[in-house]
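The residues making up each chain are set out below.
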Amino acid sequence: MAVRKNQSTLTADEKRRFVAALLELKRSGRYDAFVTTHNAFIVSDTDNGERTGHRSPSFLPWHRRFLLEFERALQSVDASVSLPYWDWTVDRTPRASLWAPDFLGGTGRERDGRVTDGAFSASGGDWPINVRVDSRTFLRRSLGSGTRELPTRADVESVLSMSTYDMAPWNSGSDGFRNHLEGWRGVNLHNRVHVWVGGQMATGVSPNDPVFWLHHAYIDKLWAEWQRRHPGSGYLPAAGTPNVIDLDETMRPWHDMTPADLLDHTPHYTFDV
Ligand SMILES: [Cu+2]
């Protein structure tokens, strides 16, 4: 059983194995298939049309399913690896060990945003950006320049306190926990972190940056924390909602699991705390 750990607690060996598994998925072409899938959903999920991966109630179960698939791919390379999570309320500066050369590498250089250290820098030759929205083939970041501050624990608490999972119109205009966590409304948690990292992370091809997985693993953990806090609140909507994934409907592209199947993460993985 995978235990998802806070990235700040990983040993040097755990970091090395995680990075090596990422590089092997990249080399084999399997990594880029995940980037392609995510971008296809970003492009097609719309507020007034069909929406599954984003700006909708299934944002959380869809990403849980997506991360599960990715974690299984990592484990097919190295069975000891599981996804770490990044608690950006604590590790909130570019000096965090997350961004050190032995892990994800740091911010991009001033001129063109190019990441110049770590295993994912263009100069290493192992991390070509193939699925892209412009011509630049190198990983880019501009930590803290698109927005200055990452969300605080108080911001997180204010969202975890919302007892209703989601509300009509079930999109980026909704009130409730899901849309505040996603960030289209209110203090803005998930979306703001994408913008804070910058580079590809601020685009539809955001999984090009390996930090995508650590960010979403933490968003996923916040969903689990919300469930513990509101045991009487469940996934909504329950049934009969056009263009939106109801509790018992399967989700594209897998069509093998419903939100109901994904509410409990413990058959698949647990968290360190
Ligand atoms: Cu995201």
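The shown structure was predicted, so the numbers you read here are calculated from the model rather than taken from an experiment. (Residues numbered from 1 in each chain as written. Predicted model: local features only at pLDDT ≥ 70, side-chain atom pairs only at ≥ 80, totals over all residues. Heavy atoms only, no water.)

Visitor: Which residues make up the coordination of the copper ion, and what are the values?
Guide: Protein coordination at the copper ion comes from H190 (NE2), H194 (NE2) and H216 (NE2), with a distance range of 1.9 to 2.1 Å. All donors to the copper ion come from one chain, and their sequence spacing reads H-x3-H-x21-H. Here H190 pairs with H194, and both are found in helix α6 (residues 190–197), just four residues apart, close to one helical turn. What makes H194 buried here is its relative accessible area of 10%. (Donors = N, O, S within 2.8 Å, 3.2 Å for Na, K, Ca; no water. Helix = DSSP H or I, 4+ residues; strand = E, 2+ residues; numbered from the N terminus. Buried < 20%, exposed > 50% of the residue type's maximum accessible area, 1.4 Å probe, protein only.)

Visitor: Tell me about the nonpolar core, and please be specific about residues and values.
Guide: If you look at the biggest cluster of nonpolar residues, it comprises 69 residues, and the most contacted ones within it are F70, L74, W86, W88, W99, F177 and W213. When contributions to this core are tallied by element, the ones reaching two or more residues are α1 (12–28), α2 (30–44), α3 (59–77), α4 (153–160), α5 (177–182), α6, α7 (211–229) and β2 (269–271). Here this core takes 11 residues from α7, the largest share from any one element. Sequence-distant contacts of F70, that is, excluding residues within four places in its chain, are made with L22, L25, Y31, F34, L83 and W213. (Core = buried A, V, L, I, M, F, W, Y, C linked by side-chain atoms within 4.5 Å. Contact = heavy atoms within 4.5 Å.)

Visitor: So what's going on with the environment of T93? Residues and values would help.
Guide: Tracing the chain through its elements places T93 in the loop between α3 and α4. The partly exposed category is assigned to T93, whose relative accessible area is 27%. Counting along the chain gives 57 residues from T93 to L150, while the straight-line C-alpha distance between them is 8.4 Å. With sequence-adjacent residues up to four places away left out, T93 is seen in contact with W99 and W196.

Visitor: Tell me what's going on with the UniProt feature "domain: Tyrosinase copper-binding" (unreviewed entry) in the chain, and back it up with residues and numbers.
Guide: Residues annotated by UniProt as "domain: Tyrosinase copper-binding" (unreviewed entry) correspond here to residues 54–71 and 209–220. The straight-line gap between the two end C-alpha atoms of residues 209–220 is 18 Å; of that span, 83% is helix and 0% is strand. (UniProt positions renumbered as here; feature names shortened; annotations may be inferred.)

Visitor: Residue-level account of the packing of aromatic side chains, with values.
Guide: Per the stated rule, a full pass over the model turns up 27 aromatic pairs. For the pair F66 and W213, a centre-to-centre distance of 5.3 Å together with 35 degrees between the ring planes defines the contact as tilted. With F66 in helix α3 and W213 in helix α7, this pair connects stretches of sequence that are 147 residues apart. Overall, F66 belongs to the buried group, its relative accessible area being 2%. A ring pair is formed by W86 and W99, whose centres lie 5.5 Å apart and whose planes are at 85 degrees; its orientation type is edge-to-face. Separated by 13 residues along the polypeptide, W86 in the loop between α3 and α4 and W99 in the loop between α3 and α4 bring together distant segments of the chain. Judged by relative accessible area, W99 falls into the buried class, the value being 3%. (Phe/Tyr/Trp six-rings, centres within 6.5 Å; stacked < 30°, edge-to-face > 60°.)

Visitor: Help me get a handle on the packing of α1 against α3, residues and values and all.
Guide: Relative to each other, α1 and α3 sit at 100 degrees, their axes nearing to 9 Å. The angle between α1 and α3 falls in the class roughly perpendicular. On α3, the residues touching F18, A21, L22, E24 and L25 of α1 are F70, A73, L74 and V77. (Axes fitted to C-alpha atoms, helices over the stretch in contact; angles between N-to-C directions. Parallel < 35°, antiparallel > 145°, perpendicular 65-115°, else oblique.)

Visitor: Got a sec to walk through α6? Specific residues and values, please.
Guide: For α6, the buried fraction is high: seven of the eight residues fall into the buried class. Turning to α6, its buried residues number three or more, namely H190, N191, R192, V193, H194, W196 and V197. Taken together, the buried residues of α6 touch α3, α4, α5 and α7. Downstream of α6 by a residue or two, G198 has a phi angle that is positive, lying close to 75 degrees.

Visitor: So, the packing of α2 against α3: which residues are in play, and what are the values?
Guide: Taken N-terminus to C-terminus, the directions of α2 and α3 make an angle of 170 degrees; their axes are 11 Å apart at the nearest point. Here α2 lies roughly antiparallel to α3, going by the angle between them. Facing α2, whose interface residues are R30, Y31, F34, T37, H38 and F41, α3 presents W62, H63, F66, E69, F70, A73 and S76.

Visitor: Just give me the short version of the pattern of salt bridges, but keep the residues and values in it.
Guide: Considering all chains together, one arrives at 26 salt bridges under this definition. The partner of E24 in a salt bridge is R27, and the shortest N-O contact between them spans 2.8 Å. You can see E24 and its partner R27 sitting in helix α1, three residues apart, about one turn around the helix. Since its relative accessible area comes to 28%, E24 is described here as partly exposed. Here R64 and D220 are joined by a salt bridge, their closest N and O atoms 2.7 Å apart. In this pair, R64 sits in helix α3 while D220 sits in helix α7, placing the two residues 156 residues apart along the sequence. Summarising the burial analysis for this pair, R64 and D220 share the class buried. (Salt bridge = Lys/Arg side-chain N within 4 Å of Asp/Glu carboxyl O.)

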